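Listed here are the chains, written in short residue letters.
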Amino acid sequence: MLRFLGLLPLLLFAAVLPAQGAPLPVNEEGYELVRRLATRYGYQGFTTPAADLELRPNSRGDLVRLVKTWDVLYGEDMSRVDRYRVQRFYDDNNEWLSLPPLTDTDDADRAPFWIGEDFSVASEASDAYRRAKRPLLGTFYETPAFLYQHNREDFYLRVNPILDLKYGKLQDDEQDYVLNKRGVRLRAGVDDRFFLHLEILENQYGAPNFLRQFYRQNRALPGAGLIKDNFTLDFAGIRRGYDFLNGAGYLSADLSRHVGFRLGYGQHFIGSGERSLLLSDFSNNYPFLEINWRIWKFHYRNLFAQLTSGPAFDNRGQPLPTKYLAAHHLSINVGQRLSLGLFEAVVLNRNNGFELAYLNPVILYRTVEGSVGSPDNVLIGLTADYQLPFRTQLYGQFVLDEFVFSELFIEKRGWWANKWAYQIGLRHVDAFGVDQLDLVAERNLARPYVYSHKGLSSYTHLTMPLAHPLGANFRENLVGVDYRPLPRLQLNGRLYLIEQGEGDGDLVVGENLNQSSNLRSSTYGNEIGQGIQYTNTILHLRAGYELRPNLWLEAEYFSRSKDSDAPGRDLETTLLNAGVRWNVAPRREVF
């Protein structure tokens, strides 16, 4: 009861605030197209929206307006592959096609309700709105991307099945690789201002050895909640595979031009990189309240979430132990090339529910933490994105957990609480003048004990990091290539070079966020990579061909080589698999 009372103000607050339309889930492939076009063409010739594209999930309507704007300004110069990708993006978001492109005098952040009415019906008049010549049984697949859809003046509905089937061979392993994911996804809009998104997924998983090891250590898997580890499949040699049900859902509402909320169960991602040091989609979904304030050059987002302190398990009808996250991020556009952001988050653990002092949407959490006795875990972060000439984007993040100026800059004794992390990266599209050849290079680094805490308020959910999958005490360099030589053919690859230090038993060196920082092995002399050092080289290659809209035939090659100073910790993984993916984005489990 006390926990409910702690969350009640959040729900009441949500009831009177708006949001900017239906969201595009954080890992959807539409973001890749939007990022490519933004890097390729920039924001010249129209009012730059305040909406930060790197605060995912974004509004589908906002993204459609941006893509339509680039289409109007540069469509004649787009390649055949880009034209195909743009049309496929329109197909996947066809209820928003009546929204106008942006102009140099436009209010770029108006919610759709303040632009026009009955926009899903009006979208049918758009030249980009494609219809099937012969719908299946006269009802299904009236448009290319949806099994079933319906438009009327006060309501729209989109429904699709989800399927992700993969089978592969693991070298020198007692079992094969199997992924069997099935589900359904729907979204709807009511009265042009209330929006719903719902998906439910059933999964059976025969995982590679490094994920099985991760499960044994954490009783958790990325992207999963409660797991049954009794899945068997004789022909694949699987004796203890994983079986889990997962879902996501959002309720959004547009009641104002520029201020809004979203109540949901899902995930977020902050940043332009392959990884995020602030908030990522590595762990599992969580219940949240999200508030967006977008006007002029500013996008301010509040996030309040309920997290789980330990692994998910059958607690005989009792609730799992919880903790809470309060976070906010302020983005500002400085001209048409530079975007800066300030992030702050606090994780708190209370027996009697949420700390009401953190509900203030505009206060610095560090000041609140001091007023309530400083028991909580506060993080501060900075983000930056700059659009360089020659189709290039430079981006970065910096996270500060704790530090003492004299220890960091004068004494330099490796004090344990000088906890910080940074990311720097570069994206380049159409490299060497080759259309669709897009490159990324990124470096991530985190000192020991970043994100950890003396109590249960570590920056984790279900024992998994909320930010970078490696936790802390690591260096990582990665390079990536995305190439689309044909409209339907997609090739991509990633190479990761990782260095990290691990603990062992009583040796606590700061990489495991679930260990209390009070158990640290040393107060001074802490350096990145301390403990049992290892290097990890990971190569991930994927090729996919789109047979029909959102139906992909894919093959993957994955190689992981962990070389530890402790020989018993070496681990080799080689995987080759193929499968079919339908209406769902792929997950990249690489760490």
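It should be noted that the structure appears before, not after, this text.
Values in this document were obtained by computation on a predicted structure and should not be read as measured data. (Residues numbered from 1 in each chain as written. Predicted model: local features only at pLDDT ≥ 70, side-chain atom pairs only at ≥ 80, totals over all residues. Heavy atoms only, no water.)

This part takes up the nonpolar core. Grouped together as the largest cluster of nonpolar side chains are 59 residues, with contacts concentrated most on Tyr205, Leu221, Tyr242, Leu325, Tyr451 and Tyr459. When residues in this core are grouped by element, the largest group, four residues, is from helix H6 (residues 209–218). Setting aside its immediate chain neighbours within four residues, tyrosine 205 contacts Tyr177, Val178, Leu179, Leu211, Leu221, Phe231, Gly241, Tyr242 and Phe244. (Core = buried A, V, L, I, M, F, W, Y, C linked by side-chain atoms within 4.5 Å. Buried < 20%, exposed > 50% of the residue type's maximum accessible area, 1.4 Å probe, protein only. Helix = DSSP H or I, 4+ residues; strand = E, 2+ residues; numbered from the N terminus. Contact = heavy atoms within 4.5 Å.)

Compared with the 16 Å implied by 1.5 Å per residue over 12 residues, the 17 Å span of helix H2 (residues 30–41) between its first and last C-alpha is a close match. Summarising burial for H2: 10 of the 12 residues are buried, a large majority. Where H2 is concerned, the buried positions are Gly30, Tyr31, Leu33, Val34, Arg35, Arg36, Leu37, Ala38, Thr39 and Tyr41. Positive phi shows up at glycine 42, right after H2, with a value of about 70°. (Expected span 1.5 Å × (residues − 1).)

A grouping of Asp563, Asp565, Asp570 and Glu572 is seen on the molecular surface, where their side chains present a negatively charged patch. Considering the arrangement of structural elements, one finds aspartate 570 in the loop between strand E25 (551–564) and strand E26 (571–582). (Patch = residues over 30% accessible without salt bridge, like charges linked within 9 Å, V, L, I, M, F, W, Y side chains within 5 Å. Areas by Shrake-Rupley, 256 points an atom, 1.4 Å probe, with all protein chains shown as cover. Salt bridge = Lys/Arg side-chain N within 4 Å of Asp/Glu carboxyl O. Lys, Arg positive; Asp, Glu negative; His and termini not counted. Charge placed at Lys NZ, Arg CZ, Asp CG, Glu CD.)

Summarising the element assignment, glutamate 476 is placed in strand E22 (residues 474–486). Classification of glutamate 476 by relative accessible area gives buried; the value is 0%. In terms of polar contacts, glutamate 476 uses its side chain to reach the side chain of arginine 275, at 2.7 Å. In this structure glutamate 476 touches Arg275, Glu442, Arg443, Asn444, His468, Leu470, Tyr496, Leu497 and Ile498, once residues within four positions along its chain are discounted. (Polar contact = N/O pair within 3.5 Å; in protein donor to acceptor, adjacent residues only side chain to side chain.)

Moving on: the packing of H2 against helix H4 (residues 80–92). Running from N to C, H2 and H4 cross one another at 130°; their axes reach a closest spacing of 10 Å. Taken together, the axes of H2 and H4 are oblique relative to one another. Considering only the axes of H2 and H4, their crossing is left-handed. From H2, Gly30, Glu32, Leu33, Val34, Arg36 and Leu37 reach across to H4, where they touch Asp82, Arg85, Val86 and Phe89. Residue classes in the contact of H2 with H4 are distributed as five nonpolar, one polar and four charged. (Axes fitted to C-alpha atoms, helices over the stretch in contact; angles between N-to-C directions. Parallel < 35°, antiparallel > 145°, perpendicular 65-115°, else oblique. Left-handed = near helix turned anticlockwise from the far one by under 90°. Nonpolar A, V, L, I, M, F, W, Y, C, P; charged D, E, K, R; others polar.)

Let us now look at the environment of proline 549. Examined against the element boundaries, proline 549 turns out to sit in the loop between strand E24 (532–548) and E25. Take proline 549: its relative accessible area is 16%, and that puts it in the buried class. When the C-alpha positions of proline 549 and proline 144 are compared, they lie 6.3 Å apart, and in sequence the two are 405 residues distant. Beyond its immediate stretch of four places on either side in the chain, proline 549 contacts Arg88, Pro144, Ala145 and Trp582.

The omega angle of the peptide bond from arginine 56 to proline 57 is 10°, so this bond is cis rather than trans. Although it is not a glycine, phenylalanine 390 sits at a positive phi angle of roughly 65°. Relative to the helices and strands, phenylalanine 390 resides in the loop between strand E16 (377–388) and strand E17 (392–402). The class of phenylalanine 390 is exposed, set by a relative accessible area of 69%. The phi dihedral of aspartate 430 falls on the positive side, at around 55°, and the residue is not glycine. Mapped onto the fold, aspartate 430 is located in the loop between strand E18 (419–428) and strand E19 (437–446).

Here tryptophan 114 is to be found in the loop between H4 and helix H5 (119–122). Sequence spacing of tryptophan 114 and histidine 258 is 144 residues, and the spatial spacing of their C-alpha atoms is 9.9 Å.

Across 10 bridges, the pairing between strand E15 (residues 338–348) and E16 is antiparallel. Note that in E16 the partner of alanine 345 across the bridge is leucine 379. Where E16 and E17 come together, nine bridges link them in antiparallel fashion. When the bridges of E17 are listed, leucine 382 appears paired with phenylalanine 398. Taking the residues between adjacent antiparallel strands as the criterion, E16 and E17 are bridged by three residues, where phenylalanine 390 takes a positive phi near 65°. (Pairing = 2+ DSSP bridges.)

Tallying each qualifying case throughout the model produces 25 aromatic pairs. Ring geometry for tyrosine 41 against tyrosine 74: centres 4.4 Å apart, planes inclined by 10°, an arrangement best described as stacked. Linking tyrosine 41 in helix H2 with tyrosine 74 in helix H3 (residues 60–74), this pair joins segments that are 33 residues apart in sequence. Between phenylalanine 214 and phenylalanine 591, the aromatic rings sit 5.2 Å apart at their centres with planes inclined by 70°, giving edge-to-face as the arrangement. With phenylalanine 214 in helix H6 and phenylalanine 591 in the segment after E26, this pair connects stretches of sequence that are 377 residues apart. By the burial criterion, phenylalanine 214 is buried, and phenylalanine 591 matches it. Here a set of aromatic residues connected by ring pairs shows up, and it is made of Phe210, Phe214, Phe282, Phe558 and Phe591. A cation sits over an aromatic face here: arginine 520 above tryptophan 416, 4.1 Å from the ring centre. In this arrangement the basic side chain of lysine 562 is found over the ring face of tyrosine 534, its NZ or CZ atom lying 4.6 Å from the centre. (Phe/Tyr/Trp six-rings, centres within 6.5 Å; stacked < 30°, edge-to-face > 60°. Lys NZ or Arg CZ within 6 Å of the ring centre and 35° of its normal.)

Now for the pattern of salt bridges. Close approach of charged atoms allows side chains of opposite charge to pair. Per the stated rule, a full pass over the model turns up 46 salt bridges. Close ionic contact of aspartate 91 with arginine 88 constitutes a salt bridge, the shortest N to O distance being 3.6 Å. Of this pair, aspartate 91 and arginine 88 both sit in helix H4, three residues apart, which is roughly one turn of that helix. Just as aspartate 91 is buried, arginine 88 falls in that class too. In this structure, a network of salt bridges that share partners links the residues Arg36, Arg40, Asp82, Asp430, Asp435 and Asp438.

Geometric values such as these leave the question of function open.
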